[in-house]
Amino acid sequence: MEQTNRHDPARLDAILAFVQSAERLKDTLRSGITAQGRAESTAEHSWRLCLMAMLFDRELGDFDRLKLLKLCIVHDLGEAISGDVPATQQVAGDGRAAQERADLITLCAPLPADLRTELVALWDEYSAGSSPEAILAKGFDKLETMLQHLVGKNEPGFDYRFNLDYGAKHTARHPLLAQLRGLVDRETRKRVIAG
């Protein structure tokens with residue numbers, strides 16, 4: 001079948017340029033350690049976050065599934081420029097969110113205006129937790145980090161107690177997130193006791 005629709009080549013080039021820039025997220029390392037003992041990348045974290053959102057689809061009820069996946073993909077894109085701040089080092093009011101948003105805007109510069117606007121709006125929605133989908137994305141983000149702590153080949157002395165408070169306000173905002181949190185907390189307590 002012959003294709004008769006031609007797309008704007010400048011738009012396609014701009015999107016590909018952005019995709020190439022976003023590749024940097026593969027080399028943006030996080031403090032989480034994989035089961036094999038290497039630092040995970042932010043891209044790997046985002047992939048598993050999307051996998052979680054997809055797998056719990058049936059349990060979530062009525063929400064915009066595509067928006068949820070978009071939020072999961074976009075939530076850490078800005079880290080491709082300035083990197084990740086480990087969860088254990090984050091403090092309220094540290095300017096990290098503003099820096100990440102500014103980095104996202106810089107990263108999105110090659111994109112056509114409509115896509116730039118969409119990605120920044122998605123990031124803002126996620127950051128504010130202002131929709132049911134953003135609440136879910138934030139909660140799954142915290143749970144994915146906690147799960148990585150549990151499966152990772154961590155250094156001796158790793159403080160598993162950190163998980164017990166981490167992201168609690170975000171995982172309490174939806175019944176499924178709270179139930180999953182209970183399961184993850186149970187596994188964390190086992191690790192704390194095992195010392």
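As a reminder, the structure under discussion sits directly above these lines.
In this text, all values refer to a predicted model and were calculated from it rather than measured experimentally.

Counting secondary structure elements, the protein contains eleven helices and two strands. Its helices and strands taken in sequence order, the protein reads α-β-β-α-α-α-α-α-α-α-α-α-α from the N to the C terminus. Its C-alpha radius of gyration of 18 Å places the protein within 12% of the 16 Å reference for a compact globule of 195 residues. Sorting the 195 residues of the protein into buried and exposed places 42% on the buried side. Summing over all exposed atoms, the protein offers an accessible surface of approximately 11100 Å²; the carbon and sulfur share of this is 56%. The protein carries 25 positive and 29 negative side-chain charges, and their two centres are separated by 5 Å.

Time to look at the nonpolar core. Phe18, Leu68, Leu77, Phe140 and Leu143 are the most contacted members of the largest nonpolar core, which has 40 residues in total. If you list the elements that add at least two residues to this core, you get α1 (9–22), α2 (42–55), α4 (65–74), α6 (96–107), α7 (113–128), α8 (132–151) and α11 (175–194). At eight residues, α8 tops the list of elements feeding residues into this core.

This part is about the packing of α2 against α4. Between α2 and α4, whose axes approach to 8 Å, the crossing angle comes to 165 degrees. As the angle between them shows, α2 and α4 are arranged roughly antiparallel. For the pair α2 and α4, the sense of crossing is right-handed. For the pair α2 and α4, contact is made by Ser46, Leu49, Cys50 and Ala53 and by Leu68, Leu69, Cys72 and Ile73, respectively. The residue makeup of the contact of α2 with α4, split by class, is seven nonpolar, one polar and no charged.

So, on to the layout of surface pockets. Approximately 810 Å³ is the volume attributed to the largest pocket. What lines the largest pocket is a set of 38 residues, and nearest its centre among them are Gln90, Arg96, Lys138, Lys142 and His170. Mapped onto the lining of the largest pocket, the elements with two or more residues apiece are β1 (29–33), α6, α7, α8 and α10 (168–171). The element that contributes the greatest number of residues to the lining of the largest pocket is α8, accounting for six residues. For the lining of the largest pocket, the per-class residue count stands at eleven nonpolar, 14 polar and 13 charged.

A word on the environment of glutamate 144. Of note, glutamate 144 is situated in helix α8. Residue glutamate 144 is classed as buried on the basis of its relative accessible area of 1%. In this structure, the C-alpha to C-alpha distance between glutamate 144 and arginine 48, residues 96 residues apart in sequence, is 7.2 Å. Discounting chain neighbours no more than four positions away, the residues touching glutamate 144 are Glu40, His45, Arg48, Leu49 and Met52.

Here is what the cut-offs are and how they apply
- Residues numbered from 1 in each chain as written.
- Predicted model: local features only at pLDDT ≥ 70, side-chain atom pairs only at ≥ 80, totals over all residues.
- Heavy atoms only, no water.
- Helix = DSSP H or I, 4+ residues; strand = E, 2+ residues; numbered from the N terminus.
- Rg over C-alpha atoms; globule rule 2.2 N^0.38 Å.
- Buried < 20%, exposed > 50% of the residue type's maximum accessible area, 1.4 Å probe, protein only.
- Areas by Shrake-Rupley, 256 points an atom, 1.4 Å probe, with all protein chains shown as cover.
- Lys, Arg positive; Asp, Glu negative; His and termini not counted.
- Charge placed at Lys NZ, Arg CZ, Asp CG, Glu CD.
- Core = buried A, V, L, I, M, F, W, Y, C linked by side-chain atoms within 4.5 Å.
- Axes fitted to C-alpha atoms, helices over the stretch in contact; angles between N-to-C directions.
- Parallel < 35°, antiparallel > 145°, perpendicular 65-115°, else oblique.
- Left-handed = near helix turned anticlockwise from the far one by under 90°.
- Contact = heavy atoms within 4.5 Å.
- Nonpolar A, V, L, I, M, F, W, Y, C, P; charged D, E, K, R; others polar.
- 1 Å grid on protein atoms, 1.4 Å probe; cavity = no way out; pocket = protein on both sides within 12 Å on 5 of 7 lines; lining within 4 Å.
- Points joined across faces, edges and corners; volume = space filled by probe spheres on them.

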